[in-house]
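Spelled out from the first residue to the last, the chains are:
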Amino acid sequence: MTANMASAFEKHYTYLLQDSRMRTPTMRFANIYLAPERLQQIVLLITLLVSPVSFAFDFEEQLQISGFLSFGAGITDAEPYPGGNNPNDPEDNNNSEEETPKYTAGSGRFILDDQLSFEQDTRAGIQFDFEIDEKTVATLQFVSKAAINNYDPELSWAYLSHQLLPDLTVRGGRFRLPIYLASDYLDVGLAYPWIRPPTEVYSTINMSNLTGVDLLYSVQIGDWIWSTQPFIGTSVFERGDFTAEFDNLYGISTTFTQDYFTFRLAYMEYEFSIEPWPFNDSHASLVDALLLVGLDELLEYHDPNQEITRFLTAGIQFAISQWTLQSEWARRKNPEGGPAVDGYYITLQYQWQRWHSHMTIAGRKELNEDDRFHSDLDQLIIISPTLAANFIAFNHAGIGTEDNESDSLTLGVSYSFSETMIGKLELSRIENKESTGFFEYATEDDINHILSFVIDVIF
Amino acid sequence: MNISTAIRSALKITGLMLCLALPFSAIAKDSFYVITNANNSVLSLSKSDIKNIFLGKIRSFPNGSQATPLNLRKDSSSRKFFMDEIIQTSETKWRSHWARLIFTGKGRPPKEYPSPKEIIALVSQRETALGYFFGELEKIEGITVLLEIPAH
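Residues numbered from 1 in each chain as written. Chains lettered and ligands numbered in written order. Predicted model: local features only at pLDDT ≥ 70, side-chain atom pairs only at ≥ 80, totals over all residues.

**A word on the overall build of chain A**
Our working definition: Working definition: helices are DSSP H or I runs of at least four residues, strands are E runs of at least two. Numbering for both runs from the N terminus. Exposure classes come from backbone-placed C-beta atoms, where a residue is buried if 20 or more other C-beta atoms lie within 10 Å of its own, exposed if 12 or fewer do, and partly exposed in between. In this description, a residue-residue contact is defined by the distance between C-beta atoms placed from the backbone, which must lie within 7 Å.
Assigned secondary structure in chain A consists of ten helices and 18 strands. Buried residues in chain A amount to 42% of all 459 residues. Counting contacts in chain A only where the partners sit at least 6 residues apart, residues at least 24 apart contribute 64% of the total.

Here's what the structure looks like:
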């Protein structure tokens, strides 16, 4: 049971990071929040800084500005249920307030409920690529999302890339963690078929930016192109009361691609830690109480500090005439006893003139529920029911809903108004297999639907 | 070797010579040409090599030297032929392909020029340049034809 804490804190981390109702955290590296008018000033400043390097700054030749915008909304048909039916399920809380189930997509933050909401799927971003010389480019990307910080633009990427050889580039700075097929363009709706990338896979690791260095290497072998991207760095999350660190993070992502076929594999490891530990007073008293009843082992078991999390993912894409088949699978293994989760999706797309349609099936499974969860909890319940209840409550606050089992089917249709603008409509049927699935205040075996639409634009 | 075989080979050779002479002859028909700078040691490229370079999947010629693809604007008829014959994808898919790469920081689309004239001029000046156009090949100094596809 206690081992769940590792994931709990990781969840807690993402929850806080992404929750719109909390003040946005400050990252250690260049997390600057900007009012729109400041943005202009910064661009001007950068332009001035870059100019001397290339004597006469040719705006059109040396600066490329690209942007994206998504405007969309969604709603669920989820109905409130009383809750509290299963005392063994720490997430099955009594729902006396009759709260409507909220789709959180495993992120721990609110995404959609029974009111039409524009917050989740509306965002905009702008990217500046400054060509310093023929081989060196500085990139800045600002993203503005309601779901994260109430549309205040945030500097999400800032890196320098240098081409060492025609097909070998080194990058340093802050960039997107390159683990999934669509990792690099998660915010750019036009670049993928769905309204949001399948949660079952894309939320297995929520951390998205990395401060560090990577290498991009490609080589042609016969008809195949092999690309590989080793990366190393850290990710830090600070908040008033605690700091979560993802240290010694390293991994490699590798892709084989032929005309119509792509295969991708990525592996990553990192050390997770939280400072201070215990991180607040109620946690401290819980730790003391556990020590008092002689459950030191349990304590060690639930301490995520300095433990290594491993992550493996694979993806394929196969395109033939009007059809595209795409699938990804991901597995996360947390430290000793922590939850191991598997996620997958399969998407089949069909294109007819300006119309595209897709069908996506996806699922999330927990691999080691039995051995990490109930035995410890039972032991604790026997020793002290009160302590066990505290523990459950404490755990529940942090855990979010990520580690629950869920299956979904999504049907989508989209229309390209032009090469740079697409409208999408999607209906998802989501079935909770265990506990609350990707919902808060839902129930086991509950089936809910989500209807959403979006307009994606790039410029 | 009997007589009929001899005649047949003679015809073949003549045919081949005619084909080679065609682009430069008075009755020359328009063709699609992929060109590079004459100082570039690359002498030919396959369709898939060209496609990979223009899609940013690879940034070098097969001999390992840097390749700088130059594109024509969307309103150009050469571009249409190029998209159909070489890239084999729609403008929409081309655009979303590049949206992926731009926002990945893994590449930027080839720069676009208004007409074959600019492409030919740039290719004759830059050793790494790779360009294309559809039209009649006049005698131009400083370029090498890497691939030729006659009009259908």
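Moving on, there is more to tell.
**Quick look at the overall build of chain B**
Of the regular secondary structure elements, chain B holds five helices and five strands. For chain B, the succession of helices and strands along the chain, N to C, is α-β-α-β-α-α-β-α-β-β. Burial statistics for chain B: of 152 residues in total, 30% are counted as buried. Taking as baseline every contact in chain B between residues at least 6 positions apart, the subset at least 24 positions apart corresponds to 69%.

**Examining the interface of chain A and chain B**
Spelled out, the test is: Each residue is assigned to one class: nonpolar for Ala, Val, Leu, Ile, Met, Phe, Trp, Tyr, Cys and Pro, charged for Asp, Glu, Lys and Arg, and polar for all the others, Gly among them.
Across the boundary between the two partners, chain A contributes 28 residues, which contact 21 residues of chain B. Contributing elements (two or more residues each) for the side of chain A that touches chain B: β1 (63–76), β3 (123–133), β5 (154–165), β6 (168–176) and β7 (209–221) of chain A. Residue composition of the side of chain A that touches chain B, grouped by class: eleven nonpolar, ten polar and seven charged.

**Side note on the nonpolar core**
This is how it is decided: We call a set of buried Ala, Val, Leu, Ile, Met, Phe, Trp, Tyr and Cys residues a nonpolar core when their C-beta atoms link them within 7 Å.
Counting 43 residues, the largest nonpolar core has Val188(A), Leu190(A) and Ala99(B) as its most contacted members. Considering every element that reaches this core, the biggest residue donor is strand β10 (residues 261–275) of chain A, with four residues. Here Leu190(A) is in contact with Phe68(A), Ile422(A), Asp456(A), Ile458(A), Ser96(B) and Ala99(B), once residues within four sequence places are set aside. Phe54(B), Ile119(B), Val123(B) and Ile143(B) belong to the second largest nonpolar core, which has 27 residues in total.

**Here we look at the sheet that holds strand β1 (residues 31–37) of chain B**
Residue and element names in this part refer to chain B. The condition is simple: A pair of strands is treated as paired once DSSP finds two or more bridges between them. Note on geometry: axes are C-alpha line fits, over the in-contact stretch for helices, and angles between N-to-C directions span 0 to 180 degrees.
Strand order in the open sheet made by the five strands is β3-β2-β4-β1-β5, with mixed pairing throughout. Every other strand in the sheet has two partners, leaving β3 (111–113) and β5 (143–150) as the edge strands with one partner each. Mean inter-strand twist for the sheet, computed between neighbouring axes without regard to direction, equals 30°. Of the pairings in the sheet, the one linking β1 to β5 comprises seven bridges and is antiparallel in character. What sits directly across from valine 34, in β5, is leucine 147. Packed onto the sheet, helix α3 (residues 77–87) meets β1, β2 (68–72), β4 (129–135) and β5 and runs at close to 110° relative to β4.

**Quick word on the pairing of strand β14 (residues 355–366) of chain A**
Residues and elements named next belong to chain A. The pairing of strand β13 (residues 340–352) with β14 spans twelve bridges and is antiparallel. Counted as the bridge partner of glycine 343 is arginine 364 from β14. Remark: two residues form the turn of the hairpin made by β13 and β14, two consecutive strands paired antiparallel; glutamine 353 in that turn has positive phi of roughly 50°. With ten bridges connecting them, β14 and strand β15 (residues 406–418) associate as antiparallel partners. The residue bridging alanine 362 from the neighbouring strand is serine 408, located in β15.

**Brief notes about the environment of Ser227(A)**
Residues and elements named next belong to chain A. Mapped onto the elements, serine 227 comes out in strand β8 (residues 224–238). Serine 227 gets classed as partly exposed once you count the C-beta atoms within 10 Å, which come to 19. Beyond its immediate sequence surroundings of up to four residues, serine 227 is in contact with Tyr217, Ser218 and Thr255.

**Describing unusual backbone geometry**
Keep in mind that most residues, glycine aside, have a negative phi and that most peptide bonds are trans. Residue Ser321(A) is not a glycine yet carries a positive backbone phi of 40°. Mapped onto the elements, Ser321(A) comes out in the loop between β11 (307–320) and β12 (323–333). The exposed category is assigned to Ser321(A), around which 8 C-beta atoms lie within 10 Å. Positive phi is not limited to glycine here, since Gln88(B) has a value of about 55°. Relative to the helices and strands, Gln88(B) is located in the loop between α3 and α4 (91–102). A tally of 13 C-beta atoms within 10 Å means that Gln88(B) is categorised as partly exposed.

**Topic: the confidence of the model for chain A**
Residue and element names in this part refer to chain A. Formally: Per-residue confidence from the predictor is reported as pLDDT, which spans 0 to 100.
A residue-level look at chain A finds 69% of positions with pLDDT of 70 or above and a mean pLDDT of 77. The secondary-structure element of chain A with the lowest mean pLDDT is helix α1 (residues 4–18), recorded at 37, while β15 shows the highest, at 95. Below pLDDT 50 for its whole length, residues 1–36 participates in 99 contacts with residues either more than four positions away or in separate chains. Note that pLDDT drops below 50 for residues 397–402; the model gives that stretch 27 contacts with residues more than four away or on any other chain.

**Focus on the confidence of the model for chain B**
Close reading of the predicted structure is inappropriate where its pLDDT is low. Residue and element names in this part refer to chain B. Across chain B, the average pLDDT comes to 83, with 81% of residues at 70 or higher. Highest mean pLDDT in chain B belongs to β2 (95); lowest belongs to helix α1 (residues 3–21) (57). Contacts for the low-pLDDT stretch residues 21–27, under 50 throughout, to residues beyond four places or in other chains number four contacts. Overall fold confidence (pTM) sits at 0.77, and the ipTM for the predicted complex is 0.73.

**What about the environment of Phe68(A)?**
The residue Phe68(A) is located in strand β1 in this model. Sequence-wise, Phe68(A) and Val188(A) are 120 residues apart; in three dimensions their C-alpha atoms are separated by 6.2 Å. Residues in contact with Phe68(A), not counting those within four places in the same chain, are Ala124(A), Gly125(A), Asp187(A), Val188(A), Leu190(A), Val457(A), Ile458(A) and Phe103(B).

**Some details on α3(B)**
All names here are of chain B. Operational definition: Arc, as used here, means the arc of the directions from the helix axis to the C-beta atoms.
Looking only at α3, the buried set comprises Ser78, Phe81, Phe82 and Ile86. Relative to the axis of α3, the buried residues are bounded by an arc of 100° and lie together on one face. Residues of α3 that are buried sit in contact with β1, α2 (47–54), β2, α5 (116–125) and β4. Just beyond α3, the residue with positive phi is glutamine 88, at close to 55°.

**Here's the deal with α4(B)**
Selection criterion: Here the expected length of a helix is defined as 1.5 Å per residue gap, with one fewer gap than residues.
Over its twelve residues, α4(B) extends 16 Å from the first C-alpha to the last, a length consistent with the 16 Å expected when each residue adds 1.5 Å. Where α4(B) is buried, its residues meet β1, β3 and β18 (447–458) of chain A.

**Things to note about the environment of Arg73(B)**
Of note, Arg73(B) is situated in the loop between β2 and α3. Not counting the four nearest positions on each side in its chain, Arg73(B) is found in contact with Arg79(B), Glu112(B), Tyr113(B) and Pro114(B).

**So, the pairing of β2(B)**
Strand residues, when the strand is regular, have side chains that alternate between the two faces of the sheet. All names here are of chain B. Burial runs high along β2: four of the five residues are buried. Pairing of β2 with β4 involves two bridges; the strand directions are parallel. Note on β4: the bridge partner recorded for proline 69 is leucine 130. As paired elements, β2 and β3 share three bridges and run parallel to each other. Note that in β3 the partner of leucine 72 across the bridge is tyrosine 113.

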